[in-house]
Amino acid sequence: MRNIWIIGKRELSAYFGTPLAYIFLVIFVALSGAFAFYIGNFFERAQADLQAFFAYHTWLYLLLVPAVAMRLWAEERKTGTIELLMTLPITTWEAILGKFLAAWAFIGVALLLTIPMWITVNYLGRPDNGVILASYIGSFLMAGAFLAIGSCISALTKNQVIAFIVAATLCFLFVMSGSDLVLNAFRGWAPAFLVQAIASLSFINHFDQISKGVIGLPSLFFYASMIAFFLFANMIIVESRKSA
Amino acid sequence: MAVLVEADRLRKTFGPIIAVEEISLKVSQGEVLGFLGPNGAGKSTTMKMLTGFLAPDGGSARICGIDVAERPKAAKACIGYLPEGAPAYGEMTARAFLHFIAELRGYQGDACGARVHAATMRTGLEEVLDQKIDTLSKGFKRRVGLAQAILHDPPVLIMDEPTDGLDPNQKHLVRKLITDMAKDKAIIVSTHILEEVEAVCTRAIVIDRGRIVADGTAEDLMQRMPYHNAVAVRVDANKADAISAALAGVANVDKVDRKTLPDGQILLRAAPKPGTTVASGVATMLNQKSLAVYEMYVERGKLDDVFRQITSQEGRGRNA
């Protein structure tokens, strides 16, 4: 536990040691607001809720979370610090969890900075704050799942740009997995249950559930298992490709 | 002295490439072992297996009696490791970086600060402690890596090319540090600078193509050279024949060869029979016969030549 904390602390301060953190925070807050007001028609809807705000989180994360995740392992590989880190008396799990939690906490900070949206909607009307809280939790969980994918991909390469593009593409496929774009690729040959299983992997569907205020076990389980699966894959990749 | 590092038939392949074919070695407390070998010989890979970074495809490594594969965390706690190029988190200050390492090494609070302070003093980092590592010169960066490796006063110290790319002053400092610590530790240093072996190592291993091709002290290695302990004299061309004949008559001289120098003088080298020396015999003879020479010295044989001889012979042997 202590090692996870030490590694996480270093990782989080590493974000703030470069301009990346500030650029990310500003863009996240600005874009999430802009989407809500201009595309989501926050005012025109004349509804006291944050649907217009949360609806675009999936798309924002698609772009921004891989940017947060891309350096997690690719940079360690590139600079050779992976050799330093993995010869310290820690386990691979501790390193992976420490890094992942730091990046997740960083996205949490970005989410917290959007609280003015919540204040605004409370000022303008009487929203269901329970639904808003659920939406925040759902959004955070979805970010965690994107992040686990990004971290896993980042361990595959020394090149952060490659890590970013591959992770963003993979995240996109998961987001779209309930749509014909992905499903048509499987319908021709795969058995129906597999197509169904793939459709159920859609990030959007699960997020929609939560952002309607329904924190159902299936959705929680879905995000938790996505995170667990990709972090496990992350560990296998780190262990087996240290030298590459 | 206790054996602190033990490798038993380590082997590592990367796809079709055999990086380390079979390496077994033991290093005891108080020993400084030099890893010599051409680039790509398998020095770094061997070190990565000893430190638990890479899992060997065959064989095993034990540090302080602990099997690296079975109990990696305990084994790693006994090792200080300086990877090649001294990687470090560039966006951190030297102080923050060393604190991070100390914390992961299990130190807390004051002990953490004391460890960082001690390592800082030993490596002479005080003046740059609060600078970002990215902004440091190569020499200071290397020292940060060294400080990180010796921070927990480990019984085993493994350093991959610790002086590579440093200027002579910095090299001297690093070597002094190694010598100072040598007494109660087992140290492995890889290098392809041969003078380093003479300067710091109690023993050297020459690795070529993933195998150990020579093992011994620097002196042992140099004895492999045909002109080891030969006496060289520089003389005028017109006296060369007489002196050459006289040299051949000295006890224990095996053969005398001659080389014309650019200025027309002749360099005669009297090689001793194996295991003997001829220096005093030659000196006495020259004295008795009142033969004038410009210069006279004992050839030590260069490690560089040994290195070339061993590793290129191997190459020929394999290709044949």
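Higher on the page you've got the structure.
This one's a predicted model, so the numbers in the text were calculated from it and none came from an experiment. (Residues numbered from 1 in each chain as written. Chains lettered and ligands numbered in written order. Predicted model: local features only at pLDDT ≥ 70, side-chain atom pairs only at ≥ 80, totals over all residues. Heavy atoms only, no water.)

### What about the overall build of chain B?
Here is step 1 of the chain: Of regular secondary structure, chain B possesses 11 helices and 14 strands.
Here is step 2 of the chain: By principal-axis analysis of the C-alpha atoms, chain B measures approximately 75 × 45 × 35 Å.
Here is step 3 of the chain: Taken over 320 residues, chain B has a buried fraction of 52%.
Here is step 4 of the chain: Relative to all contacts within chain B whose residues are 6 or more apart in sequence, the contacts with residues 24 or more apart total 69%.
Here is step 5 of the chain: Charge separation in chain B, taken as the distance between the mean sites of 41 positive and 40 negative side-chain charges, equals 2 Å. (Helix = DSSP H or I, 4+ residues; strand = E, 2+ residues; numbered from the N terminus. Buried < 20%, exposed > 50% of the residue type's maximum accessible area, 1.4 Å probe, protein only. Contact = heavy atoms within 4.5 Å. Lys, Arg positive; Asp, Glu negative; His and termini not counted. Charge placed at Lys NZ, Arg CZ, Asp CG, Glu CD.)

### Section: the overall build of chain A
Here is step 1 of the chain: Check the secondary structure of chain A and you find 15 helices and 0 strands.
Here is step 2 of the chain: At 19 Å, chain A has a C-alpha radius of gyration in line with the 18 Å of a compact globule built from 244 residues.
Here is step 3 of the chain: Dimensions of chain A, computed from C-alpha atoms along their principal axes, come out at roughly 55 × 50 × 30 Å.
Here is step 4 of the chain: Taken across its 244 residues, chain A has 52% of its residues classed as buried.
Here is step 5 of the chain: Intrachain contacts of chain A at a sequence separation of at least 6 include 76% that bridge at least 24 residues. (Rg over C-alpha atoms; globule rule 2.2 N^0.38 Å.)

### Some remarks on the sheet that holds strand 13 (residues 266-272) of chain B
All names here are of chain B.
Here is step 1 of the chain: Spatially, the 4 strands line up as an open sheet ordered 12-13-11-14, and their pairing is antiparallel. Strands at the two margins of the open sheet, each flanked by one partner only, are strand 12 (253-260) and strand 14 (295-298). Across the sheet, the mean angle separating the axes of adjacent strands is 15° when strand polarity is ignored.
Here is step 2 of the chain: Sheet analysis places strand 12 next to strand 13, joined by 7 bridges and oriented antiparallel. Looking across to strand 13, one finds that Lys 255 is bridged to Ala 271.
Here is step 3 of the chain: Those strands touched by helix 9 (residues 240-248) are strand 11 (231-235), strand 12 and strand 13, and its axis lies near 160° from that of strand 12. (Pairing = 2+ DSSP bridges. Axes fitted to C-alpha atoms, helices over the stretch in contact; angles between N-to-C directions.)

### Regarding the pattern of salt bridges
Here is step 1 of the chain: Tallied over the full model, the rule gives 21 salt bridges over all chains.
Here is step 2 of the chain: Among the ionic pairs, Arg 10 of chain A bridges to Glu 91 of chain B, the shortest N-O distance being 3.0 Å. You can see Arg 10 of chain A sitting in helix 1 (residues 2-16) and its partner Glu 91 of chain B sitting in the loop between strand 6 (79-82) and helix 3 (94-104), one on each of two chains. The exposure classification of Arg 10 of chain A matches that of Glu 91 of chain B, with both residues buried.
Here is step 3 of the chain: Taking the shortest distance from any N to any O, the salt bridge between Asp 8 of chain B and Arg 9 of chain B comes out at 3.4 Å.
Here is step 4 of the chain: We classify Arg 9 of chain B as partly exposed; its relative accessible area is 48%.
Here is step 5 of the chain: Each of Arg 10, Glu 11, Arg 71, Glu 75, Glu 76 and Lys 99 of chain A together with Glu 91 of chain B takes part in one network of salt bridges that share partners. (Salt bridge = Lys/Arg side-chain N within 4 Å of Asp/Glu carboxyl O.)

### Topic: the packing of helix 5 (residues 57-69) of chain A against helix 11 (residues 160-175) of chain A
Residues and elements named next belong to chain A.
Here is step 1 of the chain: Following both chains from N to C, one finds helix 5 and helix 11 inclined at 155°, their axes separated by 8 Å at the closest point. One element, helix 5, and the other, helix 11, form an angle in the roughly antiparallel class. Crossing handedness for the pair helix 5 and helix 11: right-handed. Of the residues in helix 11, those in contact with Thr 58, Trp 59, Leu 62, Leu 63, Pro 66 and Ala 67 of helix 5 are Phe 164, Ala 167, Ala 168, Cys 171, Phe 172 and Val 175.
Here is step 2 of the chain: Across the contact of helix 5 with helix 11, the residue classes tally to 11 nonpolar, 1 polar and no charged. (Parallel < 35°, antiparallel > 145°, perpendicular 65-115°, else oblique. Left-handed = near helix turned anticlockwise from the far one by under 90°. Nonpolar A, V, L, I, M, F, W, Y, C, P; charged D, E, K, R; others polar.)

### Looking at helix 3 of chain B
Here is step 1 of the chain: When we look at burial in helix 3 of chain B, the residues that qualify are Ala 94, Phe 97, Leu 98, Phe 100, Ile 101, Ala 102 and Leu 104 of chain B.
Here is step 2 of the chain: In the core, the buried residues of helix 3 of chain B are packed alongside helix 1 and helix 7 (81-85) of chain A together with helix 4 (109-123) and helix 5 (138-150) of chain B.
Here is step 3 of the chain: Just beyond helix 3 of chain B, the residue with positive phi is Gly 106 of chain B, at close to 100°.

### A closer look at the side chain of Thr 163 of chain B
All names here are of chain B.
Here is step 1 of the chain: Within the secondary structure, Thr 163 is located in the loop between strand 7 (156-160) and helix 6 (168-181).
Here is step 2 of the chain: Side chain to side chain, Thr 163 and Glu 196 meet in a polar contact 2.4 Å long.
Here is step 3 of the chain: If sequence neighbours within four positions are ignored, Thr 163 has contacts with Arg 142, Lys 171, Val 174, Ile 193 and Glu 196. (Polar contact = N/O pair within 3.5 Å; in protein donor to acceptor, adjacent residues only side chain to side chain.)

### Focus: the interface of chain A and chain B
How big an interface is tends to be stated in terms of accessible area lost as the parts join.
Here is step 1 of the chain: With 25 residues of chain A at the interface, the matching set in chain B holds 27 residues.
Here is step 2 of the chain: Scanning the region where chain A abuts chain B turns up 4 salt bridges.
Here is step 3 of the chain: Across the pair Glu 103 of chain B and Lys 9 of chain A runs a salt bridge, and its minimum N-O distance is 3.3 Å.
Here is step 4 of the chain: Inspection of the region where chain A meets chain B yields 9 residue pairs in polar contact (both at pLDDT 80 or more).
Here is step 5 of the chain: Broken down by secondary-structure element, the contributors of at least two residues to the side of chain A that touches chain B are helix 1, helix 6 (71-79) and helix 7 of chain A.
Here is step 6 of the chain: Of all the elements, helix 1 of chain A adds the most residues to the side of chain A that touches chain B, at 7 residues.

### Quick word on the side chain of Thr 87 of chain A
Here is step 1 of the chain: Looking at the element boundaries, Thr 87 of chain A is found in the loop between helix 7 and helix 8 (92-112).
Here is step 2 of the chain: A polar side-chain atom of Thr 87 of chain A sits 3.1 Å from the main-chain carbonyl oxygen of Leu 84 of chain A.
Here is step 3 of the chain: Excluding residues within four positions of it along the chain, Thr 87 of chain A makes contact with Thr 51, Phe 53, Lys 76, Tyr 81 and Arg 105 of chain B.

### A look at the nonpolar core
Here is step 1 of the chain: Formed by 127 residues in total, the largest nonpolar core has its most connected members in Phe 203 of chain A together with Phe 97 of chain B.
Here is step 2 of the chain: Counting residues per element, this core draws most heavily on helix 10 (residues 129-154) of chain A, at 13 residues.
Here is step 3 of the chain: Excluding residues that lie within four positions of it along the chain, Phe 203 of chain A makes contacts with Met 142, Ala 145, Phe 146, Ile 149, Phe 174, Val 175, Phe 222, Tyr 223 and Met 226 of chain A.
Here is step 4 of the chain: Membership of the second largest hydrophobic core comes to 31 residues, among which are Val 32, Ala 182, Val 200 and Ile 310 of chain B. (Core = buried A, V, L, I, M, F, W, Y, C linked by side-chain atoms within 4.5 Å.)

### A closer look at a nonpolar patch on the surface
Residues and elements named next belong to chain A.
Here is step 1 of the chain: A grouping of Leu 112, Ile 115, Trp 118 and Ile 119 is seen on the molecular surface, where their side chains present a nonpolar patch of about 360 Å² in accessible area.
Here is step 2 of the chain: It is helix 9 (residues 115-124) that provides the largest number of residues to the nonpolar patch, a total of 3 residues.
Here is step 3 of the chain: Here Ile 119 is to be found in helix 9.
Here is step 4 of the chain: Judged by relative accessible area, which is 48%, Ile 119 ranks as partly exposed. (Patch = residues over 30% accessible without salt bridge, like charges linked within 9 Å, V, L, I, M, F, W, Y side chains within 5 Å. Areas by Shrake-Rupley, 256 points an atom, 1.4 Å probe, with all protein chains shown as cover.)

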